[in-house]
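Secondary and tertiary structure notes
Next come the chains, spelled out residue by residue.
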Amino acid sequence: MFDKLIEVEKRFDEVNKMICEPDIVNDQEQYKKLMREIKNLAPVVEKFREYKKAKETNDESRALLDEGGLEPDFAEMVKGELESSKADMDRISEELKILLLPRDPNDDKNVIIEIRGGAGGEESALFAGVLYRMYTMYAEAKGFKTEVLNVNETGLGGFKEISFSVEGDGAYSRFKFESGVHRVQRVPETESQGRIHTSTVTVAVLPEAENVDFELNEKDLQIDTFRSSGAGGQHINKTSSAIRITHIPTGTVVECQDERSQHKNKEKAMKVLRSRLYDAEKAKHDAEIAGERRAQVGTGDRSERIRTYNYPQGRISDHRIGLTLYRLEQILNGDLDELIDALITADTAEKLKAQGDS
């Protein structure tokens, strides 16, 4: 581990010198790339330097005690420093193990979130709207920017499906565990007998793919235009500005009709298509790496039931980590940090265990 830390510190110092070079400063793309690398390396280097300082104190205290001849009071103080610095070294060493875990290369990326109503008809569509509101409120609290990419509304104000982007540093790292089936248990407004209904909503979280991540060949695309319309005839567009793109090799179809401009709809649809195809490649790659698959909280499979929202009890349960919180209202109002932090902690623990087993 310490050989690796020495290499990381060396690279950190190199990159710090490189970003001051005129050629790099003038190359915005390269400059941004190096700044991202510094940002990722800095916490490791700071923690390593903290460890070295604790070790230096430990070595000095041990040397003084080995020499002997110290005044009793001074010897007691040195012993205290020896024990304290040893405890610091042990603690920092564990923190360094976590910092050195392989980073998810997608963690810093923007995301595209797709929410679809599942079993439960209109009630499911209404809960899809509740989840959309929850995620956008959480994104706003984090300082992320959201933009609707496509929406298919129902007459009662729910969503058969809605897709939207979340832009901001580390967006994927905060939303990536939301993929899967979300189950809701509540009494629908339309239920006269007061019976609890169970319905489901599917959420997919895709890291936004850049051109370098996934290149699309225009020959593989079939692009159709059609007239867009909202629920109940709202926003009817008299021109064919809505876009449907089919990726012929995979049969993946993406629609976008949120904008009045055909060009903007095409741009958004291409963004979603590229991210879906990239996500499919990523899932295939992850499935091939059995060790990595074992070290994940949940499989990320959209058919996996990950969470239950129980309205009568004010309860939310995440089935992957066995966590139950009685804060349903706050969570649905976007207060997701406790839940997401618990998932990240569990994922880190699984990865540490997998690293220890290998």
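Remember, it's a predicted structure, so these values are computed and weren't measured experimentally. (Residues numbered from 1 in each chain as written. Predicted model: local features only at pLDDT ≥ 70, side-chain atom pairs only at ≥ 80, totals over all residues. Heavy atoms only, no water.)

1. Some words on the overall build of the chain
Helix and strand content of the chain: 10 helices and 11 strands. Out of the 358 residues in the chain, the part that is buried amounts to 41%. Look at the contacts in the chain between residues 6 or more apart in sequence, and 62% of them connect residues 24 or more apart. Summing over all exposed atoms, the chain offers an accessible surface of approximately 19,700 Å²; the carbon and sulfur share of this is 49%. (Helix = DSSP H or I, 4+ residues; strand = E, 2+ residues; numbered from the N terminus. Buried < 20%, exposed > 50% of the residue type's maximum accessible area, 1.4 Å probe, protein only. Contact = heavy atoms within 4.5 Å. Areas by Shrake-Rupley, 256 points an atom, 1.4 Å probe, with all protein chains shown as cover.)

2. Concerning the sheet that holds strand β4 (residues 180-186)
The strand order across the open sheet formed by 8 strands is β2-β3-β1-β5-β4-β9-β10-β11, and the pairing between neighbours is mixed. Each edge of the open sheet carries a strand with a single partner, namely β2 (145-153) and β11 (323-325). Averaged over all pairs of adjacent strands, the angle between strand axes in this sheet comes to 15 degrees, irrespective of strand direction. Here helix α5 (residues 121-141) sits on the sheet and contacts β1 (111-117), β2, β3 (159-167), β4, β5 (197-207) and β9 (305-310); the angle it forms with β3, its principal contact strand, is near 10 degrees. (Pairing = 2+ DSSP bridges. Axes fitted to C-alpha atoms, helices over the stretch in contact; angles between N-to-C directions.)

3. Some points on the environment of E304
Examined against the element boundaries, E304 turns out to sit in the loop between α8 (290-294) and β9. Measuring from C-alpha to C-alpha, the distance between E304 and V181 comes to 5.7 Å, with 123 residues separating the pair along the chain.

4. A short note on helix α4 (residues 72-99)
Across its 28 residues, α4 extends 40 Å between first and last C-alpha, which sits within 8% of the 40 Å expected from 1.5 Å per residue. Looking at the buried side of α4, the elements it contacts are α1 (2-18) and α3 (28-67). (Expected span 1.5 Å × (residues − 1).)

5. Brief notes about the packing of α3 against α4
When two helices pack together, their arrangement is captured by the angle between the axes and the distance separating the axes. At their nearest, the axes of α3 and α4 sit 8 Å apart, and the two run at 155 degrees to each other. Judged by the angle between their axes, α3 and α4 are roughly antiparallel. Pair α3 / α4 crosses with left-handed handedness. Considered class by class, the residues forming the contact of α3 with α4 number 15 nonpolar, 5 polar and 10 charged. (Parallel < 35°, antiparallel > 145°, perpendicular 65-115°, else oblique. Left-handed = near helix turned anticlockwise from the far one by under 90°. Nonpolar A, V, L, I, M, F, W, Y, C, P; charged D, E, K, R; others polar.)

6. What to know about the pairing of β1
Most of β1 is tucked away: 5 of the 7 residues are buried. By the bridge criterion, 6 bridges tie β1 to β3 in an arrangement that is antiparallel. Counted as the bridge partner of I112 is S165 from β3. Both β1 and β5 contribute to a ladder of 7 bridges, which runs antiparallel. Across the sheet, residue I112 finds its bridge partner in β5, namely L206.

7. Re the pattern of salt bridges
Two side chains bearing opposite charge may form a pair once their charged atoms approach each other closely. Evaluated as defined, the whole model comprises 34 salt bridges. R174 is the partner of D341 in a salt bridge, and the nearest nitrogen-oxygen pair spans 2.9 Å. With D341 in helix α10 (residues 337-357) and R174 in helix α6 (residues 171-175), this residue pair connects regions lying 167 residues apart in the sequence. For D341, a relative accessible area of 36% corresponds to the partly exposed category. (Salt bridge = Lys/Arg side-chain N within 4 Å of Asp/Glu carboxyl O.)

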